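Examining the three-dimensional arrangement
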Amino acid sequence: MDEDPYAAAAEAGIHRMAIPTPFAVGRVNVYLIEDDPLTLVDAGPNSGSSLDELQRQLAGHGHAIEDIELILITHQHIDHIGLVDIVASHSGAEVAAIDHLVPFVENYSEAAAQDDAFAMETMLRGGIPADVAQALASVSLAFRAWGARVSVGRTLREGDVVELRDRSLEVAFRPGHSPTDTVFHDRDRRMLIAGDHLIKHISSNPLISRPLEGDERPKALVTYLASLRATREMPARIVRPGHGEPIADHAALIDERFAMHERRADKILGLIERGPRTAYEIAQEMWGNVAVTQAYLTLSEVLGHVDLLIDDGRVGEEADGELVRFAAA
Ligand SMILES: [Zn+2]
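Residues numbered from 1 in each chain as written. Predicted model: local features only at pLDDT ≥ 70, side-chain atom pairs only at ≥ 80, totals over all residues. Heavy atoms only, no water.

**So, the coordination of the zinc ion**
Only H75 (NE2), H77 (ND1), H177 (NE2) and D196 (OD) from the protein coordinate the zinc ion, and they sit 2.2 to 2.3 Å from it. Relative to the metal, the four donor atoms surrounding the zinc ion lie at angles of 89 to 173°, and the coordination shape comes out irregular. Going along the chain, you hit the donors of the zinc ion in the pattern H-x1-H-x99-H-x18-D. With H75 in the loop between β4 (70-72) and α3 (78-81) and D196 in the loop between β10 (191-195) and α8 (220-232), this residue pair connects regions lying 121 residues apart in the sequence. Both residues of the pair, H75 and D196, belong to the buried class. (Donors = N, O, S within 2.8 Å, 3.2 Å for Na, K, Ca; no water. Tetrahedral: all angles 85-135°; square planar, octahedral: opposite > 155°, others 65-115°. Helix = DSSP H or I, 4+ residues; strand = E, 2+ residues; numbered from the N terminus. Buried < 20%, exposed > 50% of the residue type's maximum accessible area, 1.4 Å probe, protein only.)

In structure tokens form, the structure reads like this:
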């Protein structure tokens, strides 16, 4: 290897600030880009302790919240957007986000409520028992305050370039993990700021989310794999993710993810070939009785892989009232 990609990131004036969250994922990476304008990528969840920690870490780099001039948003999840509005209102920073994301964050409460209704419908169709679905809906409602509405001052589009004094960040839309994932590519430094699109230590679960455009049932994993294929072709030397450590060989990691999803789809096909099953039944056979809070994640995993099998013509869908079962084609 010609040079150390980690050193290159530090030299480029990008500092990772790991901010605590109340979620299973642990800390979220907020990036400070020392440039003109002084830029933050994401801001952490909406909580006093997260704000304290953000202030403390900014101070460690010689800055205050008030100094931030631009905030870029990677995607709609509350561990990333919750503090954006507070930071923007304290600093006067301009908030920039991709067009697909703007209606969601600007109407956060309504959007979150619609997401919960969509999730409830998805869980019941998937065969999750009503009491479990209800418990999950309560958890989601309790978490809603960790997000917050954001006013976006600058709408970005795929292919736009955000020009800072010392760098240019190309905007690319990479939906899948959420419907609004956006990555920022510094082509000169071959550095990609990727949010949760690619994470080193965990696969970025492509959550089944309410479609933000149109009303077709979203195929999150199909969409996600297409996004990964596009990212794989990018000449990045280092990827800076929304959680965990930097990624030095993104193509190899993406290939691992492709192989993992293929194995998982094959395993799920094996179960479906034994007889028609709901997504919830498949999830239980795959992972046993997981914690209630993980039930939507595992349901999303199953539905994502079943979508791959449906697209390949290997599995079909059978409706039984509200319930959907999957059967070998
Ligand atoms: Zn996320």
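After that view of the structure, there is still more to cover.
**So, the nonpolar core**
Among the nonpolar cores identified, the biggest contains 53 residues, and L40, L54, I68, I71 and L72 are the most heavily contacted of them. Considering every element that reaches this core, the biggest residue donor is strand β2 (residues 28-33), with five residues. The residues touching I71, leaving out its near neighbours within four places in the chain, are L40, D42, V84, V87, A88, A93, E94, V95 and A96. Counting residues in each nonpolar core, the second largest holds 32 residues, with I128, L269, Y296 and L303 among its members. (Core = buried A, V, L, I, M, F, W, Y, C linked by side-chain atoms within 4.5 Å. Contact = heavy atoms within 4.5 Å.)

**Some details on the pairing of strand β8 (residues 168-173)**
With three bridges joining them, strand β7 (residues 161-163) and β8 adopt antiparallel strand pairing. Along β8, the bridge assignment pairs V162 with L169. Between β7 and β8, which follow one another and run antiparallel, lie four residues. For β8 and strand β9 (residues 182-186), the ladder comprises four bridges, and the chain directions are antiparallel. Directly across from E170, in β9, lies its bridge partner H185. (Pairing = 2+ DSSP bridges.)

**A closer look at the sheet that holds strand β11 (residues 238-241)**
Here five strands make up an open sheet; going across it, the order is β7-β8-β9-β10-β11 and the pairing mixed. On the outer flanks of this sheet lie β7 and β11, each paired with one strand and no other. Neighbouring strand axes in the sheet, compared pairwise and without regard to direction, differ in orientation by 25° on average. Looking at chain direction, β10 and β11 are connected through four bridges and run parallel. Bridge pairing in β11 places L192 opposite V239. (Axes fitted to C-alpha atoms, helices over the stretch in contact; angles between N-to-C directions.)

**With respect to the packing of helix α9 (residues 250-272) against helix α11 (residues 295-311)**
It is at 9 Å that the axes of α9 and α11 come closest, and there the two elements cross at 85°. Overall, the two elements α9 and α11 adopt an arrangement that is roughly perpendicular. Contacts between α9 and α11 involve H261, R264, A265, I268, L269 and I272 from the former and E301, V302, H305, V306 and L309 from the latter. A per-class count over the contact of α9 with α11 returns seven nonpolar, two polar and two charged. (Parallel < 35°, antiparallel > 145°, perpendicular 65-115°, else oblique. Nonpolar A, V, L, I, M, F, W, Y, C, P; charged D, E, K, R; others polar.)

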